[in-house]
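# Chains, contacts and geometry: an overview
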Amino acid sequence: MAALAAFSEALSIVFSWPTPIWVVIGLTLGMIGGALPGIGSSLGMAIVLPLTLPLGPINAIILLVSMYSGAMYGGSISAILVNVPGTGGAAATTFDGYPMAKQGRAVDALSMSATASATAGFLSVLTLLLISPILIEVVLLFGSPEYFLMAILGLSMITIVAEGSMVKGLVAGAAGLLITTVGIAPNSPELRYTFGSLGLYDGIDFIAALIGMFAVAEMLKLAGQEGGIADAEIDLSGNTLSGVRETLSHPWQIIKSGYIGMFIGAIPGAGATVSNFLAYGEAMRSSDNPGLFGNGEPLGVISSEASNNGTIGGSLIPTISFGIPGSGSTAVLLGGLLMHGLRPGPQLFEADLHITYAFLIALLVGNIFIVLIGVLVVTRLAKLTQVDTHVIIPLILVLSMVGGYTLRSNWVDVITVLVLGFLGYIMVRKNYSIIAFVLGVVLGPIAEENLMRSLQISGGSYDIFVTKPLSLLITAGILVILLGPYVKPALERRLG
């Protein structure tokens, strides 16, 4: 009954003014960010995040999740029109979307993308709503020891998300953890690395860190690019309705790809980039004519786009349940939750259950708007790919500085945005994992706070972390993730 009452309250919130307008604004901003290669959902969300302070928690989170959803579709615009994916989740869309555009079917491909994205996104969020009672029961089993172990589990994901050198991934994660140690220690009055500066007493704000790593670093990277993102004239031809009909004639492909995206999204460290390649590969494997893929095959666009929006529902599961972000976008979303006083875990499934339901319902409504905006305004959105970088870069940098200062009216946050922006740029150039760094920044305080609280409960005994079956299960998961890369090759050599 409590869940039903919360759901009813959430419905009244979402359909009460001005919440619907924040859904539309979020989707529009997300589509714009997604359509601009180098911007994407995480950077756009990071810039907007400090500006959500006056909105209140519910409208702020609805704005952010709507941006996340809109960017997933927006990434397909540049992928289809100029063969440059606006987001990692649209990478596989280029394989058939761009050939379709060259064949004079650009509008077909864009409307296919909008329909597949919205349908699969609606399906995954609806599934999340239906399984939320089970999630509630699971989350309520967690106490401070389990949340500490889940934070360590999230940190161990660095071994998965770190592309290339494992050492570089661990160094990036350690650097993120190091930043979280500045300021007053949790549950004690001890000062750390403040160097006598009052501005550092509250530590380095992780929202400022996210803005620097995503916004400023990307703008420095984009500064080396001359002219617009797409210099060539774009031929927008094709038929909107035929694209919608083509998509809806393959319901099984949408369902299958959407659930692939949802399953992959629920695994921290994977995300839309992984899911859209897996869904594309599965579509090719199950096709009667796999040779058509890569030459303008509609199923290639449908499978890729269904999977990346399906990922959204899955990625919210570890984020709202355990505070483990699986990607840059969910890390920023987690930052928004914490900034507005919403802690992942039991709080979001008990006292704040109506807020959880509200942003899930907003996502459902948002997917309807994606179809409307994508199909009716699709030709105008295409012009976004021709925006000159000389316009984008100063605009983003100014918004980043204003956003950094807005957080706490503290000069330290502005310096944090700048310094970590340059650090992020160097990390990208030297192939250090930004996501590993972000995991350290976001999960470090959660791990430390729950560690201290657990030890206070147990009187200093570390046995508290291995006394419950759930704790042992999480510990086993940590060991599997950490030792897996070393044990697997050894087993393959022995079996081979």
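Model, not experiment: these values are computed from the prediction.

## Some details on the overall build of the protein chain
Each helix and strand counted, the protein chain has 22 helices and two strands in total. Out of the 496 residues in the protein chain, the part that is buried amounts to 56%. Expressed as a percentage of contacts within the protein chain between residues at least 6 apart in sequence, the contacts between residues at least 24 apart total 79%. Surface exposure of the protein chain reaches about 20100 Å², of which carbon and sulfur atoms provide 68%.

## Observations concerning helix α7 (residues 144–156)
Taking 1.5 Å per residue, 13 residues should reach 18 Å; α7 reaches 18 Å between its end C-alpha atoms and fits that length. Most of α7 sits out of view: twelve of its 13 residues are buried. Considered for burial, the residues of α7 that qualify are Ser-144, Pro-145, Glu-146, Tyr-147, Phe-148, Leu-149, Met-150, Ala-151, Leu-153, Gly-154, Leu-155 and Ser-156.

## A short note on the pattern of salt bridges
Counted by the stated rule, this structure contains three salt bridges. In this structure, Glu-449 and Arg-343 form a salt bridge, with 4.0 Å as the shortest nitrogen-oxygen distance. With Glu-449 in helix α21 (residues 434–458) and Arg-343 in the loop between α15 (328–339) and α16 (346–349), this residue pair connects regions lying 106 residues apart in the sequence. Where Glu-449 meets Arg-453, a salt bridge forms, and the shortest distance between an N and an O atom there is 2.7 Å.

## Things to note about helix α14 (residues 298–322)
Between its first and last C-alpha atoms α14 spans 38 Å; for 25 residues at 1.5 Å apiece the expected length is 36 Å, and the two agree. At Ile-312, α14 shows its largest bend, some 25°. When you tally the buried positions in α14, you get 25 out of 25 residues, the bulk of the element. Trailing α14 by a residue or two, Gly-323 shows a phi angle of about 70°, which is positive.

## Observations regarding the nonpolar core
Judged by nonpolar contacts, the single largest core of 112 residues is most densely connected at Ile-61, Phe-359 and Phe-437. Non-local contacts of Ile-61, meaning those with residues more than four positions away in its chain, are made with Leu-333, Gly-336, Leu-337, Leu-342 and Phe-359. Listed in part, the ten residues of the second largest apolar core include Ala-92, Tyr-280, Leu-299 and Ile-302.

## Remarks on the environment of Val-414
The topology assignment puts Val-414 in helix α20 (residues 411–429). Sequence-distant contacts of Val-414, that is, excluding residues within four places in its chain, are made with Met-401, Gly-404 and Tyr-405.

## With respect to a nonpolar patch on the surface
A contiguous nonpolar patch, built from Phe-122, Leu-126, Leu-130, Ile-368, Leu-372, Leu-376 and Val-377 and spanning about 640 Å² of accessible area, is present on the exposed surface. Residue placement: Leu-126 occurs in helix α6 (residues 106–139). A relative accessible area of 33% places Leu-126 in the partly exposed class.

## Examining the packing of aromatic side chains
Evaluation of the coordinates by the stated rule reveals two aromatic pairs. Measuring from ring centre to ring centre gives 5.0 Å for Phe-148 and Phe-465, while their planes differ by 50°; the resulting arrangement is tilted. Placement of Phe-148 in helix α7 and of Phe-465 in the loop between α21 and α22 (469–495) is noted, with a sequence separation of 317 residues between them. Here the two residues Phe-148 and Phe-465 agree in accessibility, since each one is buried. Ring centres of Tyr-462 and Phe-465 lie 6.4 Å apart, and the angle between their planes is 40°; on these two criteria the pair is classed as tilted. Judged by relative accessible area, which is 55%, Tyr-462 ranks as exposed.

## Considerations on the packing of α7 against α21
How two helices pack is summed up by the angle between their axes together with the distance between the axes. Here α7 crosses α21 at 155°, and the two axes come no closer than 8 Å. Classified by the angle their axes make, α7 and α21 are roughly antiparallel. Handedness of the crossing formed by α7 with α21: left-handed. Every residue of α21 that contacts α7 at Ser-144, Pro-145, Tyr-147, Phe-148, Ala-151, Ile-152, Gly-154 and Leu-155 is listed here: Leu-439, Gly-440, Leu-443, Ile-446, Ala-447, Asn-450, Leu-451, Arg-453 and Ser-454. Of the residues belonging to the contact of α7 with α21, the class tally is eleven nonpolar, five polar and one charged.

## Let's talk about unusual backbone geometry
Leaving glycine out, the prevailing phi sign among residues is negative, and the prevailing peptide bond configuration is trans. Along the chain, Trp-17 connects to Pro-18 via a cis peptide bond; the corresponding omega equals 10°. As for its placement among the helices and strands, Pro-18 is situated in the loop between α1 (2–14) and α2 (19–35). Even without being a glycine, Asn-431 presents a positive backbone phi close to 65°. For Asn-431, the position within the fold is in the loop between α20 and α21. For Asn-431, a relative accessible area of 55% translates into the label exposed.

## A closer look at the side chain of Thr-180
Locating Thr-180 in the fold gives a position in the loop between α9 (166–179) and β1 (183–184). One polar contact links the side chain of Thr-180 to the main-chain carbonyl oxygen of Leu-177, over a distance of 2.6 Å. Apart from residues lying up to four places away in sequence, Thr-180 is in contact with Arg-192, Gly-440, Val-441, Gly-444 and Pro-445.

## Let's talk about the confidence of the model for the protein chain
Confidence along the protein chain averages 78 in pLDDT terms, with 86% of residues attaining 70 or more. Element-level pLDDT for the protein chain is lowest in helix α18 (residues 378–381), with a mean of 60, against a maximum mean of 86 in α20.

## So, the packing of α2 against helix α17 (residues 353–376)
Relative orientation of the contacting elements α2 and α17 amounts to 55°, with a least axis distance of 10 Å. Between α2 and α17, the interaxial angle falls into the category oblique. The element α2 and its partner α17 pack so that their crossing is right-handed. Judged by residue contacts, Val-23, Val-24, Leu-27, Thr-28 and Met-31 of α2 engage Ala-362, Gly-366, Phe-369, Ile-370 and Ile-373 from α17. Residue classes in the contact of α2 with α17 are distributed as eight nonpolar, two polar and no charged.

Conventions and cut-offs
Residues numbered from 1 in each chain as written. Predicted model: local features only at pLDDT ≥ 70, side-chain atom pairs only at ≥ 80, totals over all residues. Heavy atoms only, no water. Helix = DSSP H or I, 4+ residues; strand = E, 2+ residues; numbered from the N terminus. Buried < 20%, exposed > 50% of the residue type's maximum accessible area, 1.4 Å probe, protein only. Contact = heavy atoms within 4.5 Å. Areas by Shrake-Rupley, 256 points an atom, 1.4 Å probe, with all protein chains shown as cover. Expected span 1.5 Å × (residues − 1). Salt bridge = Lys/Arg side-chain N within 4 Å of Asp/Glu carboxyl O. Bend = angle between axes of the 7 residues up to and from the residue. Core = buried A, V, L, I, M, F, W, Y, C linked by side-chain atoms within 4.5 Å. Patch = residues over 30% accessible without salt bridge, like charges linked within 9 Å, V, L, I, M, F, W, Y side chains within 5 Å. Phe/Tyr/Trp six-rings, centres within 6.5 Å; stacked < 30°, edge-to-face > 60°. Axes fitted to C-alpha atoms, helices over the stretch in contact; angles between N-to-C directions. Parallel < 35°, antiparallel > 145°, perpendicular 65-115°, else oblique. Left-handed = near helix turned anticlockwise from the far one by under 90°. Nonpolar A, V, L, I, M, F, W, Y, C, P; charged D, E, K, R; others polar. Polar contact = N/O pair within 3.5 Å; in protein donor to acceptor, adjacent residues only side chain to side chain. pLDDT = per-residue confidence, 0-100.

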